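A structural walkthrough
The primary structure of each chain is shown beneath.
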Amino acid sequence: MASFAAAGRDILAAPPDEGLHVRFLGSGSACWEREPRTSKIFRRYSSVLIDGSFLIDYTWMAADMLPDGCRPKTIIYTHSHGDHYDPKAAVRLGVRDVYLQRGWLEDARRDFAKAVSEIGGEAPTIHPLDVCVPFSLDGYEILPLPGNHWTGRPHEQALIYKVSKHCADGVVRLLYATDTSGLMSTVFFHGFTKKEPITAVIMEATGNPLQKFGALNISHSTASTVNEIFTSYLKPGKGRYMPSPGQPVYLTHIGYYEWGQKTFDDEMPSGLALAHDGLEVIFKPIGKA
Ligand SMILES: [Zn+2]
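Keep in mind it's a predicted model, so treat the numbers as computed, not measured. What you see as residue numbers is a count from 1 along each chain, following the sequence as written. In keeping with the predicted nature of the model, local features appear solely for residues at pLDDT of at least 70, side-chain atom pairs appear and are counted solely at 80 or more, and the whole-chain, interface and lining totals rest on all residues. Side-chain metrics in this entry use all non-hydrogen atoms of the structure; hydrogen atoms and water are not considered.

Another aspect to go through is the coordination of the zinc ion. Protein coordination at the zinc ion comes from Asp83 (OD), His84 (NE2), Asp179 (OD) and His253 (NE2), with a distance range of 2.1 to 2.4 Å. If you look at the zinc ion, its four donor atoms make angles of 82 to 164 degrees with each other, and the shape they trace is irregular. Metal coordination here is assigned from N, O and S atoms located within 2.8 Å of the ion, or within 3.2 Å for Na, K and Ca; omission of water means that sites may look incomplete. Positions of the donor residues of the zinc ion along the chain correspond to the pattern D-H-x94-D-x73-H. The pair formed by Asp83 and His84 is uniform in burial state, with each residue classed as buried. Sites are called tetrahedral only when four donors show all angles between 85 and 135 degrees, square planar or octahedral only when four or six donors show opposite pairs over 155 degrees and all other angles between 65 and 115, and irregular in any remaining case. Accessibility here uses a 1.4 Å probe with only protein chains present; expressed as a share of the type maximum, an area under 20% marks a residue as buried, one over 50% as exposed, and anything in between as partly exposed.

Moving on: the side chain of His253. Where helices and strands are cited, they refer to DSSP runs of H or I of at least four residues and of E of at least two residues respectively, numbered from the N terminus. For His253, the location among the structural elements is in the loop between β12 (249-252) and α5 (261-267). Judged by relative accessible area, which is 1%, His253 ranks as buried. A distance of 3.2 Å separates a polar atom in the side chain of His253 from a polar atom in the side chain of His84. In this description, contact between two residues means that some pair of their heavy atoms is separated by no more than 4.5 Å. Sequence-distant contacts of His253, defined by excluding residues within four places in its chain, comprise Ser27, Gly28, Ser29, Ser46, Asp83, His84, Thr178, Asp179, Glu204, Ala205, Thr206 and His220. A 3.5 Å cut-off defines polar contacts: any pair of N or O atoms within that distance qualifies, except that in protein one atom must be a possible hydrogen donor and the other a possible acceptor, and neighbouring residues in sequence count only when both atoms are side-chain atoms.

Within soluble globular proteins, side chains that are nonpolar tend to cluster in buried spots. Membership of the largest hydrophobic core comes to 29 residues, with the highest contact counts inside it found for Val22, Phe24, Ile50, Phe54, Ile142 and Phe283. A total of four residues in this core trace back to one element, the largest contributor, which is strand β9 (residues 159-167). Excluding residues that lie within four positions of it along the chain, Phe283 makes contacts with Gly19, Leu20, Val22, Val172, Leu174, Ala200, Ile202, Gln247 and Tyr250. Buried Ala, Val, Leu, Ile, Met, Phe, Trp, Tyr and Cys residues form a nonpolar core when they are joined through side-chain atoms within 4.5 Å. The next biggest cluster of nonpolar side chains, apart from the first, holds 26 residues, and it includes Leu183, Ile198, Ala205 and Ile229.

The next subject is the pattern of salt bridges. Any Lys or Arg side-chain nitrogen found within 4 Å of a carboxyl oxygen on Asp or Glu counts as a salt bridge. All told, the structure shown has 13 salt bridges when counted by the stated rule. A salt bridge links Arg102 to Asp130; the shortest N-O distance between them is 2.9 Å. In this pair, Arg102 sits in the loop between β5 (97-101) and α2 (105-119) while Asp130 sits in the loop between β6 (125-129) and β7 (135-137), placing the two residues 28 residues apart along the sequence. Under the relative-accessibility criterion, Asp130 is labelled partly exposed at 29%. For Arg109, the salt bridge identified is with Glu106, shortest N-O distance 3.0 Å. Placement of both Arg109 and Glu106 in helix α2 is noted, with a separation of three residues, approximately one turn of the helix. On the basis of relative accessibility, which here comes to 39%, the residue Arg109 falls in the partly exposed class. In this structure Glu106 comes out as partly exposed when scored by relative accessible area, which is 44%. Through salt bridges with shared partners, a single ionic network connects Asp107, Arg110, Asp111, Arg153 and Glu156.

In structure tokens form, the structure reads like this:
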């Protein structure tokens, strides 16, 4: 795992072709607001910065985790829950473009207009996304896939994303999957294709990460759920999931438990690794050591 983590590295200075750089700005689920920030186990709401360039989800909690001088202009949202979507935080950041699922487009327009009326600034352009319809973003190809997660908005489908990047030595294809109870069959067959296998995975483990039985929560996964998926049908190296050797599946969107990182790491099944706020990972193209 150590060769994939580059703690403390200036992600903006990394060569763009080396791989796909992910900085976890937050690695927690919605329940961390009650925990004091001074607590050793505190986690911010889940958010990632890709190549110092764009964000997947972003809230007020993640603002202090952006690298100095980094002001991404684009946010891709997974869904409308408050631990992922925060219009005021996006307007404060000066974001110009946001992408979200078409079913809650009008709600989002209203939310951003309200945010601008309250704090000033400019509303970003909102781009609607449809399940399984890819789009291009500054050289990345992004495929929205359905998450198995109920948001409470009747026309909204929560999304997870396959982010593909062509590097000098091959392609990195990252699946970023919060919030979702397991993976829907569409994701298995349309996302993890043998022609374009996924090479890196970040998935949620909101339920008790040490829970022995899998998907008891119908809207979220546990470490056991993830472990079952990636030790069975999507076993690494079997054609649909082709990670670099030794590269773990990173778990994020961790629920509230009074256990420290060390306890988690000691008991985590091999092949899984727990993310933490500020963790930086470089996902390399297949075949590159
Ligand atoms: Zn969430």
